[in-house]
Each structure stands twice: as structure tokens, then as C-alpha cells.
Amino acid sequence: AQSVTQPDIHITVSEGASLELRCNYSYGATPYLFWYVQSPGQGLQLLLKYFSGDTLVQGIKGFEAEFKRSQSSFNLRKPSVHWSDAAEYFCAVGFYNQGGKLIFGQGTELSVKP
Amino acid sequence: DAGVIQSPRHEVTEMGQEVTLRCKPISGHDYLFWYRQTMMRGLELLIYFNNNVPIDDSGMPEDRFSAKMPNASFSTLKIQPSEPRDSAVYFCASSLYGGGVGTEAFFGQGTRLTVV
């Protein structure tokens, strides 16, 4: 069965430090991969997506993610974290021919300390 | 476009009452999804529609839950009777399928349901 694992439930980083959030997926075919961010009390905003092509994808707010097929991973990175990045981050896998259906990971809560 | 619109944003109801959550997808989108978010289970897909037709309702927790999409611009998720364990944030999302390529889903702001 398809699944997404985000191993880190909660991460704290200092403002200005680099960030990497981990995501591993299980899916038999080439996946469509997404990272969403959720601020408290808000909906989900798409940060970036991978459908095909270049395995390093750029997103909004200075985020990037790299698809590594050999490791079944799609880790999210940011070189310098801002206090406003504190939020919950969700990795998700989508499916061919099923519209925008998504399976989400459990999420990683990011705290940023000054 | 105003995006996916959900109403109400917050709903507090008593156990046993009927609850109806509403969603207006982005105009022109042909897929609509209902998700539920809880601390214990995270974000889980309840049901989704394609061109107003339910495609997969395997995520609907039990018969108390039902969803309809009478037309391309409106969907409802109904819980009858409601129970405290139904307390969660319910998200609606819509997408436009590109035919063989990956599709991005756009989410509404969610409805926070509290059943007391």
C-alpha cells in the first residue's frame, strides 16, 4: 500500500540556520510528490511539487526539495530559516490518473528559536 | 478566483445532532476531495468525486457520514448523528486533472468541527 513517512514529529532550529525535513514514500510507480505547509488555524499551502524531470525542485518562500528515487525520499530544505517559517509541514504523494488525490505523511512541526 | 470556499469555518454542535459542511470548489475543477485532520490520524482522505460522481469513498469512517456533489460548484459532507469523536478539522480540496500529468490540489481553509 502507498504510504508516506515523515520520521521527525517536531524539529527546532535557530533562526538563520539551515533546515532539512525528511520524507520517505512507498509507492510502486513513479510518484507525484508534494510539500504543503500549514500555519496554525489555516489551510494547506503548496510549497513545491515534483512531477517529473529535474529532481531538484524549487518552491515558494525559498524552499527546495530533492527527489531521490534510490532512497524513496523527497526531503525539503531551506538554507536559512526565518521565524515566520514556524508551521507544520506535510509531505504527500499523488497518483497517476486519480486527479489530485493525496496520501499525506503525519507532518513535522517546525519551531524556530531566535 | 476566490479559491476553495468552505462553510462554516467553525461549527460547535451537540452529540446526536446533524452536521452539514459545505464546499465550493474552484470553478472549472473536475475533482473534489474531502479530508479530515485529527491529532491521532493526521490528514486522511474521506471521499473524492470526479465530475460530480463519487469515485472512492473507502475513507468514510462509517454510515453516519455521507457526501454529495449535486453540481460542479457545490458539495456537502453530512454527519448524522454526530459524535464527539467526529471532532476534527475537515478540509475540502479541488483540482483540475491534466490528463496523464501530475495534478495539484487546492485546499480550502477548513471547517473546525467540535461535537460536545
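See the structure shown above.
Residues numbered from 1 in each chain as written. Chains lettered and ligands numbered in written order. Predicted model: local features only at pLDDT ≥ 70, side-chain atom pairs only at ≥ 80, totals over all residues. Heavy atoms only, no water.

**Q** Would you mind going over the packing of aromatic side chains in detail, with residue names and values included?
**A** Applying the stated rule across the entire model yields 19 aromatic pairs over all chains. A ring pair is formed by Phe34(A) and Phe51(A), whose centres lie 5.7 Å apart and whose planes are at 70 degrees; its orientation type is edge-to-face. You can see Phe34(A) sitting in strand β5 (residues 32–38) and its partner Phe51(A) sitting in the loop between β6 (44–50) and β7 (56–58), a full 17 residues away along the chain. In this structure Phe34(A) comes out as buried when scored by relative accessible area, which is 1%. Residue Phe51(A) is classed as partly exposed on the basis of its relative accessible area of 22%. Here the aromatic rings of Phe104(A) and Tyr35(B) are separated by 5.6 Å at their centres, their planes lie at 85 degrees, and the arrangement is edge-to-face. Here Phe104(A) is found in strand β11 (residues 102–104), whereas its partner Tyr35(B) is found in strand β4 (residues 31–38) on a different chain. With relative accessibility at 7%, the residue Phe104(A) sits in the buried group. (Phe/Tyr/Trp six-rings, centres within 6.5 Å; stacked < 30°, edge-to-face > 60°. Helix = DSSP H or I, 4+ residues; strand = E, 2+ residues; numbered from the N terminus. Buried < 20%, exposed > 50% of the residue type's maximum accessible area, 1.4 Å probe, protein only.)

**Q** Go over the state of the cysteines with me, naming the residues and quoting the values.
**A** Residues and elements named next belong to chain A. The final tally for this structure, using the stated rule, is 2 disulfides over all chains. In this model, Cys23 is linked to Cys91 through a disulfide, with the two sulfur atoms separated by 1.9 Å. The sign of the S-S torsion, about -65 degrees, decides the handedness of the disulfide formed by Cys23 and Cys91: left-handed. Here Cys23 is found in the loop between β3 (19–21) and β4 (24–26), whereas its partner Cys91 is found in strand β10 (residues 87–94), with 68 residues between them in sequence. (Disulfide = S-S within 2.5 Å.)

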